[in-house]
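If you want the building blocks of each chain, they are given just below.
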Amino acid sequence: MRSPRRRVAAVGCLIALAATGCSGQDGPARAAPSATAAPGAPSAAGTSYAPYVSATEAAGTDTAGSPTTYNLAFVIAEGSDCTPRWNGTRALGDPAVASRVAALKEDGGRVRVSFGGASGKELAANCDSVSALAAAYGEALDAAGATLADFDIEGDDLSDSASVALRSRAIARLQEERDDLEVSFTLPVMPSGLDADGLALLASANDHGVRVATVNLMTMNYGPSYDGDMGGYALTAAKAAHRQLRKVFGTSDGEAWRGMALTSMIGVNDVAGETFTLADAAEVRAFAEEKGIAWVSMWSTARDRQCAADTDTAEAATDCSGVKQSSGAFAETFAG
């Protein structure tokens, strides 16, 4: 997913699904928490709603739909250093960001720090050691007071095997230091499912003993040949990925669904011809509830409003959806 600054296979360990632990190349099996649900895992409340929000800029629609969790986008590096910054520009201790995070938590919501995104440098591309990278991730989590970490890996970062391996090792170390750290990977998907790079990333995480809570699928921006029913494409992609996750993590049907999340780009997407409507959102929500998917999300709360009359809606904007809607309508639909 885009940074707010821009306009525009092996048997695995999925702790949302099993409590038997996992083993990898870095050491003996480590038990997953036996009585701790994964973030956003279905409970009596069902599928939860956890949108992506800007870590630095508040939007009037942030709290629409009463999210259970907010995905703070994004922590990345600035330049070539290994220092984590909000959006690559703001220090982790920035008082304005701290105030924003506190406000998001006021009504009982949690925050999940999202590392990466489509723009800027993910820290694993810059940090030169496992210890330095783990420390950078930990510093950002501490700044937000979060025990939930999301790794949005796409573009060149997804195909960079060296940074993928370094990231896996650093996350595994961080989980050794923080027993309550719950990890999700946010990955691009096509209607045919996850690509080879996405599957290789999950295999790397497993090989290094990472306890994965959720695999979050970015059901968006498929390409110019996919200009039809975006809700239908999202469901097709989820079904294809479900089969892949069953194989990668060696789980049952139900367990694989519970270890999945779905994130849609609302309204006009970055690819011409792709428009995700409120009807599509209702379709995705109903499907997620039927299958017991952990959580649904959207990019992003700042876009959950109708554009001004003089706005060019041919291209995706950061501050409106490009479709006719009331403010917060997508959030209310995704929340169910």
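Everything numeric here is computed off the predicted structure, so don't read it as measured data.

**Notes on the state of the cysteines**
Scanning the model with the defined rule gives two disulfides in all. Two residues share a disulfide in this structure: Cys82 and Cys127, whose sulfurs sit 1.8 Å from each other. Its S-S torsion of about 95 degrees marks the bond between Cys82 and Cys127 as right-handed, since a negative value means left-handed. A residue pair is termed long-range when its members are at least 10 positions apart, and Cys82 in the loop between strand 5 (69–77) and strand 6 (84–86) and Cys127 in the loop between strand 8 (110–116) and helix 2 (130–144) qualify at 45 residues. Each sulfur of the disulfide joining Cys307 and Cys320 lies 2.0 Å from the other. Judged by the torsion about the S-S bond (90 degrees), the Cys307/Cys320 disulfide is right-handed. On the criterion of sequence distance, the pair formed by Cys307 in the loop between strand 15 (295–299) and helix 9 (329–335) and Cys320 in the loop between strand 15 and helix 9 is long-range, its members being 13 residues apart. Take Cys307 and Cys320: they sit in the same class, and that class is buried. Numbered by order of appearance in the sequence, the disulfide-linked cysteines of the protein pair as 1-2, 3-4.

**Quick word on the nonpolar core**
Counting residues in each nonpolar core, the largest one holds 78 residues, and the members touching the most others are Phe115, Tyr137, Phe185, Leu202 and Phe334. Looking at this core element by element, the count peaks at ten residues for helix 6 (residues 230–249). Every residue in contact with Tyr137, bar those within four places of it in the chain, is listed here: Phe115, Glu122, Leu123, Ala124, Phe151, Arg167, Ala170, Ile171 and Leu174. Among the nonpolar cores identified, the runner-up in size contains ten residues, and Met1, Met220, Trp299 and Ala316 belong to it.

**Thoughts on the side chain of Ser204**
Of note, Ser204 is situated in helix 5 (residues 196–207). Once residues within four sequence positions are removed from consideration, Ser204 is found in contact with Val164, Ala165 and Ser168.

**Digging into helix 8 (residues 278–291)**
The end-to-end C-alpha separation of helix 8 is 20 Å, in line with the 20 Å expected for 14 residues at 1.5 Å each. Three or more residues of helix 8 are buried, namely Asp280, Ala281, Val284, Arg285, Phe287 and Ala288. Down the axis of helix 8, the buried side of the element spans an arc of 165 degrees, and every buried residue falls inside it. Away from its buried face by more than 90 degrees, helix 8 exposes Ala279 and Glu290. The N-cap of helix 8, judged by a side-chain oxygen 3.3 Å from the amide nitrogen of Ala279 a few residues on, is Thr277. Positive phi shows up at Gly292, right after helix 8, with a value of about 80 degrees.

Rules of the game
- Residues numbered from 1 in each chain as written.
- Predicted model: local features only at pLDDT ≥ 70, side-chain atom pairs only at ≥ 80, totals over all residues.
- Heavy atoms only, no water.
- Disulfide = S-S within 2.5 Å.
- Helix = DSSP H or I, 4+ residues; strand = E, 2+ residues; numbered from the N terminus.
- Buried < 20%, exposed > 50% of the residue type's maximum accessible area, 1.4 Å probe, protein only.
- Core = buried A, V, L, I, M, F, W, Y, C linked by side-chain atoms within 4.5 Å.
- Contact = heavy atoms within 4.5 Å.
- Expected span 1.5 Å × (residues − 1).
- Arc of directions from axis to C-beta.
- Polar contact = N/O pair within 3.5 Å; in protein donor to acceptor, adjacent residues only side chain to side chain.

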